[in-house]
Amino acid sequence: MVGKVKVGEKELEYGYSSGIYVKHVSAATPIRSLPDQRDIDALGGGIAVKDWEARFDLAYQKCRNENVTLVGGVATTALLLAGI
């Protein structure tokens, strides 16, 4: 979750589409996702370079000793994570 927005009488959570997708894939399939979406959400919803660097650092710290076979997310941020 990045934040909340009021729609009519309801307050709805919103977030980045890649995180929402990963959350549902992890719940409905045997695919394990790291880092946990709650850990990512805890970093906040900022869009500055430093915010993305914090997310990349979290992903690196959680995955560096794992056999990673898939990186999910928006292509632009995945390329940034890869250092391309």
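Above this text you will find the structure in question.
Residues numbered from 1 in each chain as written. Predicted model: local features only at pLDDT ≥ 70, side-chain atom pairs only at ≥ 80, totals over all residues. Heavy atoms only, no water.

Q: For this particular structure, what's the right way to read the overall build of the protein chain?
A: Helices and strands together make up the secondary structure of the protein chain, namely four helices and two strands. In sequence order, the protein chain lays out its α and β elements as β-β-α-α-α-α. Dimensions of the protein chain along its principal axes, counting C-alpha atoms only, are 45 × 30 × 20 Å. The buried share of the protein chain, reckoned over its 84 residues, is 14%. Looking at the protein chain as shown, the accessible area adds up to about 6600 Å², and 57% of this sits on carbon and sulfur atoms. Each charge class in the protein chain was averaged separately, 10 positive and 10 negative side chains, and the resulting centres sit 3 Å apart. (Helix = DSSP H or I, 4+ residues; strand = E, 2+ residues; numbered from the N terminus. Buried < 20%, exposed > 50% of the residue type's maximum accessible area, 1.4 Å probe, protein only. Areas by Shrake-Rupley, 256 points an atom, 1.4 Å probe, with all protein chains shown as cover. Lys, Arg positive; Asp, Glu negative; His and termini not counted. Charge placed at Lys NZ, Arg CZ, Asp CG, Glu CD.)

Q: Got a minute to help me understand the layout of surface pockets in this structure?
A: Where empty space is left in the structure can be found by rolling a water-sized probe over the atoms. Looking at the largest pocket, its volume works out to about 1400 Å³. For the largest pocket, the lining is made up of 45 residues, of which V22, L34, P35, I40 and G72 are closest to its centre. For the lining of the largest pocket, the elements supplying multiple residues, two or more each, are strand 2 (10-14), helix 1 (17-28), helix 2 (37-42), helix 3 (49-63) and helix 4 (75-82). In terms of residue count, helix 1 provides more of the lining of the largest pocket than any other element does, nine residues in total. Of the residues in the lining of the largest pocket, the class split is 23 nonpolar, 13 polar and nine charged. (1 Å grid on protein atoms, 1.4 Å probe; cavity = no way out; pocket = protein on both sides within 12 Å on 5 of 7 lines; lining within 4 Å. Points joined across faces, edges and corners; volume = space filled by probe spheres on them. Nonpolar A, V, L, I, M, F, W, Y, C, P; charged D, E, K, R; others polar.)

Q: Would you mind showing me how to read a nonpolar patch on the surface here?
A: A cluster of nonpolar side chains, namely V5, V7, L12 and Y14, defines an oily patch on the protein surface of about 330 Å² accessible area. A residue is classified by how much of its surface remains accessible, and V7, at 47% relative accessible area, is partly exposed. (Patch = residues over 30% accessible without salt bridge, like charges linked within 9 Å, V, L, I, M, F, W, Y side chains within 5 Å. Salt bridge = Lys/Arg side-chain N within 4 Å of Asp/Glu carboxyl O.)

Q: Is there a simple way to think about unusual backbone geometry in this case?
A: Excluding glycine, residues mostly carry a negative phi; peptide bonds, for their part, are mostly trans. For the bond running from L34 to P35, omega is -10°, close enough to zero to count as cis. Checked against the element boundaries, P35 lands in the loop between helix 1 and helix 2.

Q: Help me understand the environment of A82 in this model?
A: Tracing the backbone through its elements, the reader meets A82 in helix 4. Overall, A82 belongs to the exposed group, its relative accessible area being 55%. Distance from A82 to Q37, taken between C-alpha atoms, is 20 Å for residues 45 residues apart in sequence.

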